[in-house]
There are 2 protein chains.
Amino acid sequence: MTKIISPARQNTEKNQMDYREYFIVPTNKQKELLKKTVELAMKFYDGSLRDNKFLIYKPPKYFFKKLDRTIPKNPIDVGKSLKLLKEIGKYSISQFDKTYLSFPDSGNSLPGMMGSIFAKFINQNLSAFDRSAPIATVIEIQLIEWLRELIGYTSKELKDIETLSEVGGMCVTGGHMANHIGMMAALNNKFPEIGEKGLSNLNFSPVILLSKKISHYSFYEAAHHLGIGKENVIDVPTTSHFTTDYIELKKILDSLPKNKVPFMIVGVAGNTKTSSLDDLNKLADLCKKYNLWFHVDACHGGSLLFSGQMKKKFLNGIERADSVSIDPHKGLFLPYPSSYILFKKRDTLTIFSKHPEETKDKNIWELCLITPFYGSRGFESLSLWMLISVMGTKGIGEVVEYRSIIARYAERLIDNSGLFVKLNDMDFYRMAFVFCPEKFHNYLIKYGSKLDQKQKESITDLINRYGCEVNQKLYRAGEVCLDKYSLYDVGNKLNLNIEEKFLVIAITAGNPLYTKASMKTSLNKLFKEAEKMIPKFEKEFILIVKEKHSIAEKLCDIGGPAGW
Amino acid sequence: MTKIISPARQNTEKNQMDYREYFIVPTNKQKELLKKTVELAMKFYDGSLRDNKFLIYKPPKYFFKKLDRTIPKNPIDVGKSLKLLKEIGKYSISQFDKTYLSFPDSGNSLPGMMGSIFAKFINQNLSAFDRSAPIATVIEIQLIEWLRELIGYTSKELKDIETLSEVGGMCVTGGHMANHIGMMAALNNKFPEIGEKGLSNLNFSPVILLSKKISHYSFYEAAHHLGIGKENVIDVPTTSHFTTDYIELKKILDSLPKNKVPFMIVGVAGNTKTSSLDDLNKLADLCKKYNLWFHVDACHGGSLLFSGQMKKKFLNGIERADSVSIDPHKGLFLPYPSSYILFKKRDTLTIFSKHPEETKDKNIWELCLITPFYGSRGFESLSLWMLISVMGTKGIGEVVEYRSIIARYAERLIDNSGLFVKLNDMDFYRMAFVFCPEKFHNYLIKYGSKLDQKQKESITDLINRYGCEVNQKLYRAGEVCLDKYSLYDVGNKLNLNIEEKFLVIAITAGNPLYTKASMKTSLNKLFKEAEKMIPKFEKEFILIVKEKHSIAEKLCDIGGPAGW
């Protein structure tokens with residue numbers, strides 16, 4: 001085999017570097033390196049690479065200093081690759097650790113991972129069939145058909161699909177993009193002329209309607225990026241259960257000015273904050289009545305499609321949506337990226353095709369003709385195809401149901417601890433709560449609404465500070481990873497009727513390897529830290545409420561420092 | 001360890017399936033399966049899995065029948081995963097095979113692959129720092145800084161980067177998306193009001209200018225998707241060297257109607273068809289004069305950034321671009337996806353941020369604040385970071401230079417075969433040609449322009465048919481994979497002055513493992529098949545040209561069947 005030696009190097013007789021070793025041939029040494037990469041990854045999995053914590057915490061600046069170096073000039077021995085990876089693994093966070101309760105992105109499906117890394121090696125290009133991805137193209141089409149079947153759309157046997165135009169969905173890189181394409185399809189469906197002439201030709205503003213407090217930010221960004229404009233996203237009130245208020249939605253639709261033309265409603269099937277699910281049938285009814293596109297964001301709720309009973313309970317009506325986003329890298333234990341957008345009307349994507357007539361040609365199977373935003377792209381769909389092929393819908397469904405039992409078990413533990421107030425009821429896997437021990441909560445229930453605005457704000461601040469402190473302490477110690485974010489108390493659970501957001505603590509039971517025992521161990525750490533906070537919290541709490549004398553007296557009535 | 005057993009299963013005493021084995025713990029059996037996945041991939045690499053051909057060809061319908069089955073219901077043993085992957089590998093195409101000359105997407109960098117699969121295992125989520133991707137966030141920022149340095153933008157040491165707003169680029173999933181975001185940045189930079197109000201508020205049409213014959217289709221799609229409208233992409237004539245005609249471009253700019261407001265010019269640094277490169281300085285001059293955004297699509301040419309001499313020769317002026325797209329999964333041997341968009345002005349992406357003020361907060365490092373279209377996403381940037389870290393800019397540069405020598409060697413072989421007419425000169429790695437043996441070409445040079453339109457079309461059709469036949473024969477036999485697509489003969493190399501596109505054969509020397517010997521072996525197979533075609537081609541050629549009697553006689557003059 002001829003060596004790869006650059007002309008420059010050919011002139012220098014010594015130290016000729018053979019670059020072949022940097023490219024997979026594969027030699028035995030190369031095979032060994034790749035297997036060692038897997039072994040190293042397994043040390044990340046078993047925890048030994050990261051001191052058996054979900055994370056060896058360091059602040060951002062540590063890495064900015066540690067990694068600082070200008071662009072490397074000279075080649076190093078390829079064997080040293082492992083050392084670099086080891087350092088990266090050491091400081092990476094483990095989303096599949098049993099003490100990681102923040103996001104549901106566990107990514108630890110074995111058949112999913114096998115598909116995912118095999119796809120990297122074979123590096124098929126799903127833009128085209130012949131030169132790029134022969135069998136992979138058909139596997140992706142099959143997977144889309146399976147997802148259609150799960151949603152309840154019309155589904156076909158693979159042999160009955162005759163042209164690309166029948167492929168009613170696509171593989172995307174995230175829920176953000178799935179929602180963007182859903183909105184883009186809705187817009188172009190209602191106003192097909194904008195493809196050629198653009199939006200500047202319209203003498204009205206297309207608008208969409210959704211509940212801002214619970215919808216994903218991708219919809220606002222899409223409104224900006226699609227040229228609709230963020231002010232044309234119309235907010236719909238949220239119910240006290242973190243769902244879209246469809247009664248208010250109807251009122252808004254009835255009172256829109258003439259220069260605002262609605263084209264889409266977003267239904268949320270598992271919002272990012274609390275995983276609460278809209279009543280999809282009610283929203284579908286409204287869409288039908290007003291002739292609007294119905295998009296369902298099931299990025300969180302999508303995993304429930306695999307369980308007959310949970311689908312019926314939580315996703316009833318999803319099959320009436322014009323488009324559905326799902327995100328298996330979130331609720332379905334697959335590594336990133338694994339996301340899909342599906343369309344009720346099979347040929348929806350052909351409106352974006354540069355050659356629409358070719359999508360009806362029986363001999364043309366170039367997926368790039370119906371995948372806006374994507375030309376050359378890898379075989380990311382293999383991981384979900386493998387997951388479904390190996391675990392079956394039954395296996396996945398049972399794991400999803402099991403996980404939901406663990407989630408509700410966690411809810412009971414948190415309830416029973418008497419340390420927190422939950423802002424939402426656990427539906428299938430996500431719950432947000434704040435630090436506010438029972439007696440303080442009891443006090444707020446009785447007198448919270450009577451506090452003045454300043455006191456309400458001070459209590460909110462108090463709750464936020466202490467919750468945040470407990471949360472971050474556990475996080476930085478690498479003991480338990482809980483989520484933290486801001487959330488409106490739409491159910492007024494703290495009886496403060498406040499317009500501010502709370503900084504909540506949250507858990508998500510996404511990892512199928514959680515057990516009741518592991519959940520108890522993790523939450524006990526939380527409870528222990530939280531309990532330590534009570535005396536200081538109490539002092540501050542009393543200081544705030546005693547400003548309003550009569551109530552402070554009542555506070556003493558219900559217990560007082562010593563009795564708590 | 002408690003078993004994952006669903007409640008439904010708990011009621012059936014027998015066949016309780018323990019789903020733990022489907023999730024990476026990892027057990028020894030699981031480690032073994034993952035290593036076997038690597039071994040199987042290595043059989044794809046060494047060719048044994050695919051009968052030592054770049055592809056075991058089957059037509060699309062074969063797979064539609066072979067794969068046909070409804071969605072799998074029951075779980076199977078996880079060990080059977082390998083069998084599924086084996087079947088997929090068997091019928092996949094190898095883009096790194098030495099006989100694969102179609103696209104440059106070889107994806108065979110060893111450190112790149114190690115980074116790529118390690119990233120899958122550790123599954124960091126580059127949307128956020130704390131809960132999702134601590135060290136990975138900083139590595140991605142460092143990589144973006146390195147790419148800035150290569151382009152010639154201002155670059156900083158990592159420790160001097162103080163806030164997110166200074167991160168002047170982002171990791172994307174493909175060149176298509178990179179170009180889309182480049183155009184979106186240009187649009188919002190010129191018309192910032194559209195973020196809130198949308199495009200329907202404008203009383204003019206924003207337009208972009210580019211050379212349609214050589215630009216990537218992503219720009220038209222972006223014009224549609226961004227709400228600009230496809231009719232607002234203004235075509236600029238192409239030179240005979242497949243580059244943008246900047247003299248004509250200036251004329252167009254000077255004559256645009258008032259309701260068409262230009263905001264961007266696209267410079268192509270390596271077009272998809274012939275990898276020809278625009279004179280970037282000339283285009284940058286025009287952009288400066290007319291105050292337009294200059295976007296450079298360097299998806300193909302980007303690899304040249306690593307070679308000082310090639311950068312100087314081919315990419316001079318790239319540092320003057322406002323935005324640059326690069327696509328390392330194309331020219332830089334990395335598996336999909338690996339693409340980037342870089343901006344001269346560091347804080348360009350903050351205009352798309354949902355919380356622009358937070359991008360200037362020294363404690364906030366959530367990349368999702370400056371990555372439009374992407375929320376949760378994996379650590380895809382690790383592969384390029386590893387490639388650069390291990391090979392160094394010098395190593396990569398030398399490989400890129402070596403590859404270009406092989407490309408020019410291939411050009412000479414094709415030239416010397418006397419069987420083909422090349423439509424472009426090889427610049428650094430891509431060349432398109434048609435089947436038209438020398439004597440026929442000589443004839444066309446002398447008389448081609450004198451043929452009537454019908455004859456010209458018939459000759460074009462003849463050339464297309466025979467070229468296609470040779471190409472597809474080699475492809476289906478799994479012997480040599482050449483590219484095929486349609487292309488205008490802008491240099492009028494066939495002297496037919498025809499407006500139709502030709503169906504060309506093309507080669508791309510993207511794989512660093514090609515050698516002169518391997519290239520010769522592959523091209524000899526092409527030459528052998530092409531030679532077999534000459535007698536039949538000749539008969540048809542004469543039939544066409546003899547319709548115009550006087551020329552047919554001259555054809556006989558210059559050789560005639562026996563003498564050829």
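Residues numbered from 1 in each chain as written. Chains lettered and ligands numbered in written order. Predicted model: local features only at pLDDT ≥ 70, side-chain atom pairs only at ≥ 80, totals over all residues. Heavy atoms only, no water.

**Quick look at the overall build of chain A**
(1) Moving on: The number of helices and strands found in chain A is 19 helices and 11 strands.
(2) Moving on: In terms of overall size, chain A behaves like a compact globule, its C-alpha atoms giving a radius of gyration of 27 Å where 564 residues would be expected to give roughly 24 Å.
(3) Moving on: The C-alpha extent of chain A, read off along each of the three principal axes, is 90 × 65 × 45 Å.
(4) Moving on: For chain A, the residues scored as buried account for 66% of the 564 residues in total.
(5) Moving on: Taking all contacts inside chain A whose residues are at least 6 apart in sequence as the whole, residues at least 24 apart take part in 73%.
(6) Moving on: Looking at chain A as shown, the accessible area adds up to about 19,200 Å², and 50% of this sits on carbon and sulfur atoms.
(7) Moving on: Between the centroid of the 79 positive side chains of chain A and the centroid of its 64 negative side chains there is a distance of 4 Å. (Helix = DSSP H or I, 4+ residues; strand = E, 2+ residues; numbered from the N terminus. Rg over C-alpha atoms; globule rule 2.2 N^0.38 Å. Buried < 20%, exposed > 50% of the residue type's maximum accessible area, 1.4 Å probe, protein only. Contact = heavy atoms within 4.5 Å. Areas by Shrake-Rupley, 256 points an atom, 1.4 Å probe, with all protein chains shown as cover. Lys, Arg positive; Asp, Glu negative; His and termini not counted. Charge placed at Lys NZ, Arg CZ, Asp CG, Glu CD.)

**Some words on the interface of chain A and chain B**
By convention, interface size is frequently given as the accessible area that disappears when the constituent parts associate.
(1) Moving on: Contact with chain A, which involves 177 residues of that partner, is made by 178 residues of chain B.
(2) Moving on: Looking only at chain A, the three residues that lose the most surface to chain B are Phe64(A), Lys120(A) and Arg131(A), adding up to 6% of its buried area.
(3) Moving on: Here chain A and chain B share eight salt bridges between them.
(4) Moving on: On inspection of chain A and its partner chain B, the count reaches 67 residue pairs in polar contact (both at pLDDT 80 or more).
(5) Moving on: Of all the elements, helix H14 (residues 382-417) of chain A adds the most residues to the side of chain A that touches chain B, at 15 residues.
(6) Moving on: Here the side of chain A that touches chain B is composed, by residue class, of 95 nonpolar, 46 polar and 36 charged. (Buried area = accessible area lost by both parts, 1.4 Å probe. Salt bridge = Lys/Arg side-chain N within 4 Å of Asp/Glu carboxyl O. Polar contact = N/O pair within 3.5 Å; in protein donor to acceptor, adjacent residues only side chain to side chain. Nonpolar A, V, L, I, M, F, W, Y, C, P; charged D, E, K, R; others polar.)

**Digging into the pattern of salt bridges**
(1) Moving on: By the definition in use, this model includes 54 salt bridges over all chains.
(2) Moving on: Where Lys422(B) meets Asp415(B), a salt bridge forms, and the shortest distance between an N and an O atom there is 3.2 Å.
(3) Moving on: One network of salt bridges, with partners in common, ties together Glu411(A), Asp415(A), Lys422(A) and Asp425(A).

**Some details on the side chain of His225(B)**
(1) Moving on: The residue His225(B) is located in helix H9 (residues 218-225) in this model.
(2) Moving on: In contact with His225(B), not counting residues within four places along its chain, are Met184(A), His225(A), Leu226(A), Phe352(A), Pro372(A), Phe373(A) and His180(B).

**Examining the pairing of strand E1 (residues 169-172) of chain A**
All names here are of chain A.
(1) Moving on: Burial along E1 is two-sided: the face carrying Gly169 and Cys171 and the face carrying Met170 and Val172 are both buried.
(2) Moving on: Pairing geometry for E1 and strand E7 (residues 339-343), over four bridges, is antiparallel. Bridging across to E7, Cys171 finds its partner in Tyr340. (Pairing = 2+ DSSP bridges.)

**Brief notes about helix H10 (residues 246-254) of chain A**
All names here are of chain A.
(1) Moving on: Where H10 is concerned, the buried positions are Leu249, Ile252 and Leu253. Along the axis of H10, the buried residues cluster in a sector spanning 100°; they form a single face.
(2) Moving on: On its buried side, H10 packs onto strand E2 (205-210), strand E3 (233-235), strand E4 (260-268) and helix H11 (280-290).
(3) Moving on: Of the residues that open H10, the one with a side-chain oxygen 3.2 Å from the backbone nitrogen of Ile247 is Asp245. (Arc of directions from axis to C-beta.)

**What about the packing of aromatic side chains?**
(1) Moving on: Taken as a whole and assessed by the stated rule, the structure comprises 57 aromatic pairs over all chains.
(2) Moving on: A ring pair is formed by Phe64(A) and Trp365(B), whose centres lie 4.5 Å apart and whose planes are at 45°; its orientation type is tilted. Within this pair, whereas Phe64(A) is found in helix H3 (residues 60-66), its partner Trp365(B) is found in the loop between strand E7 (339-343) and helix H14 (381-417), the two belonging to separate chains.
(3) Moving on: With 6.1 Å between their ring centres and 75° between their planes, Phe191(B) and Phe263(B) make a pair best called edge-to-face. Here the residue Phe191(B) occupies a position in the loop between helix H7 (175-190) and helix H8 (194-197), and Phe263(B) occupies one in strand E4 (residues 260-268), the gap between them amounting to 72 residues. (Phe/Tyr/Trp six-rings, centres within 6.5 Å; stacked < 30°, edge-to-face > 60°.)

**Overview of the sheet that holds strand E6 (residues 323-326) of chain A**
Residue and element names in this part refer to chain A.
(1) Moving on: Here seven strands make up an open sheet; going across it, the order is E1-E7-E6-E5-E4-E2-E3 and the pairing mixed. The sheet is open, and its two borders are formed by E1 and E3, each paired with just one other strand. Shown here is a sheet whose adjacent strand axes are inclined to one another by a mean of 20°, direction ignored.
(2) Moving on: As paired strands, E2 and E4 are joined by five bridges and run parallel to one another. Across the sheet, residue Leu209 finds its bridge partner in E4, namely Ile265.
(3) Moving on: Of the strands in this sheet, E4 and strand E5 (293-298) are in contact with H11, which crosses E5 at around 155°. (Axes fitted to C-alpha atoms, helices over the stretch in contact; angles between N-to-C directions.)

**Regarding the pairing of E4(B)**
Side chains on a regular strand alternate between the two faces of the sheet.
Residue and element names in this part refer to chain B.
(1) Moving on: Of all nine residues in E4, eight are buried; the element is thus mostly enclosed.
(2) Moving on: Looking at chain direction, E4 and strand E5 (residues 293-298) are connected through five bridges and run parallel. Opposite Val266, over in E5, you have His295 as the bridge partner.

**As for the relation of the copies chain A and chain B**
(1) Moving on: Turning chain A through 180° and shifting it by 0.0 Å along the axis lays it on chain B, with an RMSD of 0.0 Å. Viewed as a symmetry operation, the transformation between the two copies matches a two-fold axis.
(2) Moving on: Mapped onto chain B, 100% of the interface residues of chain A again fall at the interface, so both copies present the same surface. (Least-squares fit on C-alpha atoms with pLDDT ≥ 70 in both.)

**Describing the side chain of Ser127(B)**
(1) Moving on: Among the structural elements, Ser127(B) can be located in the loop between helix H5 (110-122) and helix H6 (134-151).
(2) Moving on: Ignoring sequence-local partners within four residues, the contact set of Ser127(B) consists of Ser132(B), Glu366(B), Leu367(B), Cys368(B), Gly375(B) and Ser376(B).

**A few points about unusual backbone geometry**
All names here are of chain A.
(1) Moving on: Between Tyr336 and Pro337 the backbone carries a cis peptide bond, its omega angle lying at -15°.
(2) Moving on: Structurally, Pro337 can be placed in the loop between helix H13 (328-331) and E7.
(3) Moving on: In the Ramachandran plot, Phe242 falls in the positive-phi region, its phi being about 60° despite a non-glycine side chain.
(4) Moving on: Within the secondary structure layout, Phe242 lies in the loop between E3 and H10.
(5) Moving on: Positive phi values are uncommon outside glycine, yet Asn492 reaches one of about 50°.

**What about a positive patch on the surface?**
Residues and elements named next belong to chain A.
(1) Moving on: Together, Lys313, Arg408, Arg412 and Lys516 line one region of the surface with positive charge.
(2) Moving on: Along the chain, Lys313 falls in helix H12 (residues 308-314).
(3) Moving on: The class for Lys313 is exposed, based on a relative accessible area of 61%. (Patch = residues over 30% accessible without salt bridge, like charges linked within 9 Å, V, L, I, M, F, W, Y side chains within 5 Å.)

**Brief notes about the environment of Asp105(A)**
(1) Moving on: Structurally, the position occupied by Asp105(A) is in the loop between helix H4 (81-90) and helix H5 (110-122).
(2) Moving on: A residue is classified by how much of its surface remains accessible, and Asp105(A), at 0% relative accessible area, is buried.
(3) Moving on: In this structure the C-alpha to C-alpha distance between Asp105(A) and Lys213(A), which are 108 residues apart in sequence, comes to 23 Å.
(4) Moving on: Here Asp105(A) is in contact with Gln95(A), His329(A), Lys330(A), Tyr336(A), Asn123(B), Asn125(B) and Ser376(B), once residues within four sequence places are set aside.
(5) Moving on: One polar contact links Asp105(A) to Tyr336(A), side chain to side chain, over a distance of 2.6 Å.

**Side note on the packing of H5(A) against H14(A)**
Residue and element names in this part refer to chain A.
(1) Moving on: At a minimum axis distance of 7 Å, the contact between H5 and H14 shows a crossing angle of 145°. Seen from above, H5 lies across H14 with right-handed handedness. Here Pro111, Gly112, Gly115, Ser116, Phe118 and Ala119 of H5 come into contact with H14, specifically with Leu382, Ser383, Met386 and Val390. (Left-handed = near helix turned anticlockwise from the far one by under 90°.)

**Section: the packing of H14(A) against helix H17 (residues 516-545) of chain A**
Working note: a packed helix pair is described by the angle between its axes plus the distance between those axes.
Residues and elements named next belong to chain A.
(1) Moving on: H17 packs onto H14 with a crossing angle of 30° between their chain directions and a minimal axis gap of 10 Å. When the axes of H14 and H17 are compared, the pair comes out roughly parallel. Note on packing geometry: the crossing formed by H14 with H17 is right-handed. Residues Ile405, Ile406, Tyr409, Ala410, Leu413, Ile414 and Ser417 of H14 pack against Lys516, Met519, Lys520, Leu523 and Phe527 of H17.
(2) Moving on: Of the residues belonging to the contact of H14 with H17, the class tally is nine nonpolar, one polar and two charged. (Parallel < 35°, antiparallel > 145°, perpendicular 65-115°, else oblique.)

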